[in-house]
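Below, each chain spelled out in residue letters.
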Amino acid sequence: MKNWYRATTVVAACRDGNISMASDGQVTVGDVVMKGKAQKVRLTQNGKAILGFAGGAADALALSERFEAKLDEFPGNIRRAAVELARDWRTDRILRRLEAMLLVGDPSCILTVSGNGDVIEPDDGIAAIGSGGSYALAAARALLRHSDLSAENLVRESLQIAGEICIYTNQEISSVRLPSDE
């Protein structure tokens, strides 16, 4: 597997009808920290969905734009938009070369989308990508099971823990939250 997914951590959690996504701010090129306060998560589709990315910034931004176009094509259907993006990403000769992963969601689901054609919805409402993703995911699962933290506090705390372990994850955390319409 390529190392393009390294050098960032993004984690998302659904809890009590809310979804929150957070990322660290570190941008690493090789073994050099190039930036400490990058924004890797944001609201999209006029505040109805959340998107985060890991990998090459230009590639991730290109994929983010494509995902937003799919959301415009399939309004309110994040699953269909993600599947269509993954299909295009896998079959298009130019898109296939993009080296990034996306984490997308709304209060109904979280999805991990990759260039391998993967669209994965976790069973427990928690997902993470990037070099510190496994650390953040483990912390988030433990916090989900053993605390009453809100989705936003859960993702922030899990990133804090990941940043204590992963050298490619810093403590400059940015997060976005999206409440359920209900």
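Up top is the structure these notes are about.
Quick caveat, the model's predicted, so the values are computed rather than measured. (Residues numbered from 1 in each chain as written. Predicted model: local features only at pLDDT ≥ 70, side-chain atom pairs only at ≥ 80, totals over all residues. Heavy atoms only, no water.)

A. Examining the packing of helix 1 (residues 57-73) against helix 2 (residues 78-91) more closely. Their axes nearest at 8 Å, the elements helix 1 and helix 2 cross at an angle of 130°. Taken together, helix 1 and helix 2 sit at an angle that is classed as oblique. Seen along the crossing, helix 1 lies across helix 2 with a hand that is right-handed. Here helix 1 contributes Leu63, Arg66, Phe67, Lys70 and Leu71 to the contact with helix 2, which in turn contributes Ile78, Ala81, Ala82, Glu84, Leu85, Asp88 and Trp89. When grouped by side-chain class, the residues that make up the contact of helix 1 with helix 2 number 8 nonpolar, no polar and 4 charged. (Axes fitted to C-alpha atoms, helices over the stretch in contact; angles between N-to-C directions. Helix = DSSP H or I, 4+ residues; strand = E, 2+ residues; numbered from the N terminus. Parallel < 35°, antiparallel > 145°, perpendicular 65-115°, else oblique. Left-handed = near helix turned anticlockwise from the far one by under 90°. Contact = heavy atoms within 4.5 Å. Nonpolar A, V, L, I, M, F, W, Y, C, P; charged D, E, K, R; others polar.)

B. Region of interest: the nonpolar core. Counting 21 residues, the largest nonpolar core has Leu63, Phe67, Ile78, Leu102, Val104 and Val113 as the members making the most contacts within it. For this core, the secondary structure elements donating two or more residues are strand 6 (49-55), helix 1, helix 2, strand 7 (100-106) and strand 8 (109-114). For this core, the element with the highest residue contribution is helix 2, accounting for 6 residues. Dropping the residues within four chain positions of it, Leu102 is found in contact with Gly52, Phe53, Ala60, Leu63, Ser64, Phe67, Leu85, Leu111, Thr112, Val113 and Ile129. With 15 residues, the next largest nonpolar core counts Val10, Ala12, Ile50 and Leu103 among its residues. (Core = buried A, V, L, I, M, F, W, Y, C linked by side-chain atoms within 4.5 Å. Buried < 20%, exposed > 50% of the residue type's maximum accessible area, 1.4 Å probe, protein only.)

C. Layout of the packing of helix 3 (residues 133-146) against helix 4 (residues 151-165). One way to put it is that helix 3 packs onto helix 4 with a least axis distance of 8 Å and a crossing angle of 135°. Of the possible angle classes, the one that applies to helix 3 and helix 4 is oblique. For the element pair helix 3 and helix 4, the recorded crossing hand is right-handed. Judged by residue contacts, Tyr135, Ala136, Ala139, Ala140, Leu143 and Leu144 of helix 3 engage Leu154, Glu157, Ser158, Ile161, Ala162 and Ile165 from helix 4. Here the residues of the contact of helix 3 with helix 4 are counted per class, giving 10 nonpolar, 1 polar and 1 charged.

D. Inspection of helix 1 at higher detail. Between its terminal C-alpha atoms helix 1 stretches 24 Å, which fits the 24 Å expected from 17 residues at 1.5 Å a residue. Looking only at helix 1, the buried set comprises Ala60, Leu63, Ser64, Phe67, Lys70 and Leu71. Here the buried residues of helix 1 occupy an arc of 120° about the axis, which is enough to place them on one side. What points out from helix 1, more than 90 degrees from its buried face, is the exposed set Ala58, Glu65 and Asp72. (Expected span 1.5 Å × (residues − 1). Arc of directions from axis to C-beta.)

E. Structural detail: the sheet that holds strand 6. One open sheet accounts for 5 strands, arranged 5-6-7-8-9; its pairing is antiparallel. On the outer flanks of this sheet lie strand 5 (41-44) and strand 9 (119-120), each paired with one strand and no other. In the packing of helix 1 onto the sheet, the strands contacted are strand 5, strand 6 and strand 7, and the crossing angle to strand 7 comes to about 35°. Sheet strands in contact with helix 2 are strand 6, strand 7, strand 8 and strand 9, and its direction is about 5° off that of strand 8. (Pairing = 2+ DSSP bridges.)

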